[in-house]
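# Structure at a glance
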Amino acid sequence: MRRRRSIFDIIRERMEELEAIADEMLDQLVERPSWDVNAHSLEPLCDVSVSSDRVIVTADLPKADPRSIRVSGISDDLIEITANMKVKINFEDFGVTHRRGEFSRFSCRVSLPVPVDTNRAKARFRNGILEIILPRKKGYEIKVE
Amino acid sequence: MSEKVEIIERVSVPNGLKMILGLPDVGLVGAIAASHIISKLRLEEVAYFKSNLLPPVIMLEKGLPRSPIRVFGDKGILVLSSEIAIPSASIYAIMERIVDWVGEKKTEVIYTLGGLPVPNRHNIEKPKVFGAASNERLLKKLDENGIKAIERGFLVGPQALILNLCAEKGIPAVTLLAECFYNYPDPEASSIVIQALNRMIDMEIDVSELIEKGEEVRLAMRDMMRRTQAELARMKKSHEYDIPGYYIR
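These notes cover the structure that comes with them. Since this is a predicted model, take the numbers as computed values, not measurements. Position numbers for residues start from 1 in each chain and track the written sequence from start to end. Lettering for chains starts from A, numbering for ligands starts from 1, and both go in the order in which the items are written. This being a predicted model, a pLDDT of at least 70 is required before a residue's local features are given, and a value of 80 or more before pairs of side-chain atoms are given or counted; all residues contribute to the totals for chains, interfaces and linings. Computation of side-chain values covers all heavy atoms of the structure but excludes hydrogens and water.

Before going further, it helps to spend a moment on the overall build of chain A. What counts as a helix is a DSSP run of H or I of at least four residues, what counts as a strand is a run of E of at least two, and both are numbered from the N terminus. A tally of helices and strands in chain A yields one helix and nine strands. The helix and strand sequence of chain A, counted from the amino end, reads α-β-β-β-β-β-β-β-β-β. For the radius of gyration, the atom set is restricted to C-alpha positions; the globular benchmark scales as 2.2 Å times the number of residues to the power 0.38. Here the C-alpha radius of gyration of chain A, 21 Å, is well above what a compact globule of 145 residues would show, namely 15 Å. Along the three orthogonal principal directions, the C-alpha set of chain A runs to about 65 × 55 × 25 Å. Every one of the 145 residues in chain A was classed for burial, and the buried ones make up 30%. Counting only carbon and sulfur atoms, one obtains 50% of the accessible surface of chain A, whose full area is about 10600 Å². For the purpose of charge, His is not counted, nor are the chain termini; Lys and Arg are scored as positive and Asp and Glu as negative. Charge coordinates come from a single atom per side chain, which is NZ of Lys, CZ of Arg, CG of Asp or CD of Glu. Across chain A, 25 positive and 25 negative side-chain charges occur, with their mean positions spaced 4 Å apart. Classification of residues uses two cut-offs on accessible area relative to the type maximum, computed with a 1.4 Å probe and protein chains only: under 20% is buried, over 50% is exposed, and between them is partly exposed. Residue-level accessible areas treat just the shown protein chains as cover; the underlying method is Shrake-Rupley with a 1.4 Å probe.

Written out as structure tokens, the structure is:
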């Protein structure tokens, strides 16, 4: 006997659809190489965290030359991080001999999920981790009674 | 297509050994530690995993195929390490098989090495180690070796299931967790967790290389970290940050 579709079934189906979409997006993020032979660059691991008053972007830059690190705003919601590496590395250094390529820099673009005030952004490189603090765009105050 | 997990021995694995488990997780602490121990002690592959629950991925080493999840030994010790992140959908089946195998092999004790993610890791000069165990006697041993037990909190993922299953089946198990980065490979945390392991099993595994070559390790582990991040999100690893609900002492 067929059960009638209840509101709970509908909700559950929607949730499953959304989860499937999220899973697909997650998969797409990893489905390309982290290295670019033409640009001699590696994509560093990056992380974005949003808090109430700021967005913090971090990037793991092992073996980067601190003086060469550049952070630039490409657009309101995109920043680019580049750095040169202290030494050139190639696939052979990782024991991989069936690919050829030499890498000498890091490069990645990070999209920002909320609007930020790029003029007041600060960046700091410490213990091999680059930390970029971007204050969120201030809106208007709403008085609490 | 049967959905089981097999652990196939290449050589006969003796009973009663100690086992160390280092699976990809936050900061890849366990994975880096396991890999380091295997290379320092020059352990050979003694067993490997075979399962349709794993993605169709193999390792090629010197042109020959190898399973991505393997057990290395012997020298009186077994180390389980994985080159891939364990798919979150298959964690239960794989951990149950591991614990069954550990029981069959009458393993003396199993140590899982991992990380305790902290949001402000790069402000921490020296990460601390915390522990958990499957029985009171091992808790005492942690205390005797200066390792604080986690009083109250959540543990998520493969090592959580291992600890729970071992406690149920009376298999001695200890979880060692060093404060680490959530999303970046943390060889320093791995070195700290190995030092804690050294105290617990009375060994002298040298970690100076891990610290000296920290940047190389971080460079080499980038791709494994990315894959692991995806699985950590699926199993909602961030639950470990949650403060457990109200309770009455």
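Before going further, it helps to spend a moment on the sheet that holds strand S2 (residues 41–42) of chain A. Residues and elements named next belong to chain A. Strand pairing follows a simple DSSP-based rule, namely that at least 2 bridges must link the two strands. Read from one edge of the open sheet, five strands run S1-S2-S7-S6-S5, paired in mixed fashion. The open sheet has two free edges, formed respectively by strand S1 (35–36) and strand S5 (70–75), since each of these has just one partner strand. As paired elements, S5 and strand S6 (residues 78–90) share five bridges and run antiparallel to each other. Bridge assignment links serine 72 to a residue of S6, and that residue is glutamate 80.

Residues and elements named next belong to chain B. Pairing of strand S1 (residues 5–9) with strand S3 (residues 44–51) involves five bridges; the strand directions are antiparallel. Across the sheet, residue glutamate 6 finds its bridge partner in S3, namely lysine 50. Where S3 lies against strand S6 (residues 69–73), four bridges are found, and the strand directions are antiparallel. In the sheet register, tyrosine 48 faces S6, and the bridge partner there is arginine 70.

Let's shift gears to the interface of chain A and chain B. Contact criterion: two residues are considered in contact whenever any of their non-hydrogen atoms come within 4.5 Å of each other. Residue-level contacts link 31 residues of chain A with 20 residues of chain B. Counting the surface lost from both chain A and chain B, the interface buries some 2300 Å², and carbon and sulfur atoms represent 51% of this. Counted as salt bridges are all cases of a side-chain nitrogen of Lys or Arg within 4 Å of a carboxyl oxygen of Asp or Glu. Run the count over chain A and chain B and you get two salt bridges. We note a salt bridge from Asp60(A) to Arg218(B), for which the minimum N-O separation is 2.7 Å. Each polar contact in these results corresponds to two N or O atoms within 3.5 Å; when the atoms are within protein, one needs to be able to donate a hydrogen and the other to accept it, and residues that are neighboring in sequence are counted only if both atoms are side-chain atoms. Counting every contact that joins chain A to chain B gives 14 residue pairs in polar contact (both at pLDDT 80 or more). Counting only elements with at least two residues in the side of chain A that touches chain B, the list comes to helix H1 (7–30), strand S3 (45–50), strand S4 (54–60), S6 and strand S9 (129–135) of chain A. For the side of chain A that touches chain B, the element with the most residues is H1(A), which contributes five residues. Under the grouping applied here, Gly and all other residues not named as nonpolar or charged are polar, the nonpolar ones being Ala, Val, Leu, Ile, Met, Phe, Trp, Tyr, Cys and Pro and the charged ones Asp, Glu, Lys and Arg. Residues that form the side of chain A that touches chain B fall into these classes: 16 nonpolar, four polar and eleven charged. Throughout, buried area stands for the accessible area (probe radius 1.4 Å) lost by two parts on being put together, summed over both.

Our next topic: the pattern of salt bridges. All names here are of chain B. As enumerated under the stated definition, the model contains 27 salt bridges over all chains in all. Here lysine 169 and aspartate 100 are joined by a salt bridge, their closest N and O atoms 3.0 Å apart. Taken together, the residues lysine 169 in helix H4 (residues 158–169) and aspartate 100 in helix H2 (residues 91–104) connect sequence positions 69 residues apart. Lysine 169 gets classed as partly exposed once you look at its relative accessible area, which sits at 46%. A single salt-bridge network, built from bridges that share partners, covers Arg10, Glu45, Glu61, Arg66, Arg70 and Glu83.

What follows concerns the sheet that holds strand S10 (residues 148–149) of chain B. Picture the strands of a sheet paired through backbone hydrogen bonds; they go either parallel or antiparallel. Residue and element names in this part refer to chain B. With mixed pairing, nine strands are arranged side by side in an open sheet as S1-S3-S6-S7-S2-S8-S11-S9-S10. Looking at strand neighbours, the two that pair on one side only are S1 and S10, the edges of this open sheet. One ladder, built from five bridges, connects strand S2 (residues 18–22) with strand S7 (residues 77–82); its direction is parallel. Each bridged residue has a counterpart across the sheet, and for methionine 19 the counterpart in S7 is leucine 78.

A few words now on helix H1 (residues 29–40) of chain B. Residues and elements named next belong to chain B. An expected span of 1.5 Å times one less than the residue number is assigned to each helix. Here H1 spans 16 Å end to end across twelve residues, near enough to the 16 Å set by a 1.5 Å rise per residue. What H1 keeps buried is the set Val29, Gly30, Ala31, Ile32, Ala33, Ala34, His36, Ile37 and Ile38. Looking one or two places after H1, you find arginine 42, whose phi comes out positive at around 50°.

With that settled, consider unusual backbone geometry. All names here are of chain B. One non-glycine residue, arginine 42, lies in the positive phi region at around 50°. Locating arginine 42 in the fold gives a position in the loop between H1 and S3. One non-glycine residue, lysine 106, adopts positive backbone phi at about 45°. Topologically, lysine 106 is positioned in the loop between H2 and strand S8 (109–117).

Residues grouped as a nonpolar core are buried Ala, Val, Leu, Ile, Met, Phe, Trp, Tyr and Cys residues, joined through side-chain atoms within 4.5 Å. Judged by nonpolar contacts, the single largest core of 83 residues is most densely connected at Phe49(B), Leu80(B), Met95(B), Ile98(B) and Leu176(B). Sequence-distant contacts of Leu80(B), defined by excluding residues within four places in its chain, comprise Met19(B), Ile20(B), Leu21(B), Gly22(B), Leu23(B), Ala34(B), Phe49(B), Ile69(B), Arg70(B), Val71(B) and Ile98(B). In terms of nonpolar packing, the next biggest core, distinct from the first, is built from 24 residues, Leu42(A), Ala64(A), Phe106(A) and Leu134(A) among them.

Moving on, we come to the side chain of Ser81(B). Residues and elements named next belong to chain B. Looking at the element boundaries, serine 81 is found in strand S7. Exposure remark for serine 81: the relative accessible area of 10% places this residue in the buried category. Discounting residues that sit within four places of it in the chain, serine 81 has contacts with Gly22, Ala34, Ile38, Pro68, Ile69, Arg70 and Phe72.

Residue and element names in this part refer to chain A. Only Phe, Tyr and Trp rings take part, Trp by its six-membered ring, and two of them pair if their centres are within 6.5 Å. Stacked means planes under 30 degrees apart, edge-to-face means over 60, and tilted covers everything else. In this structure the tally under the stated criterion is four aromatic pairs over all chains. Between tryptophan 35 and phenylalanine 91, the ring centres sit 5.0 Å apart and the planes meet at 90°, which makes this aromatic pair edge-to-face. Taken together, the positions of tryptophan 35 in strand S1 and phenylalanine 91 in the loop between S6 and strand S7 (102–111) put the pair 56 residues apart, joining distant regions of the chain. You can call tryptophan 35 partly exposed: its relative accessible area is 26%. A residue is classified by how much of its surface remains accessible, and phenylalanine 91, at 7% relative accessible area, is buried.

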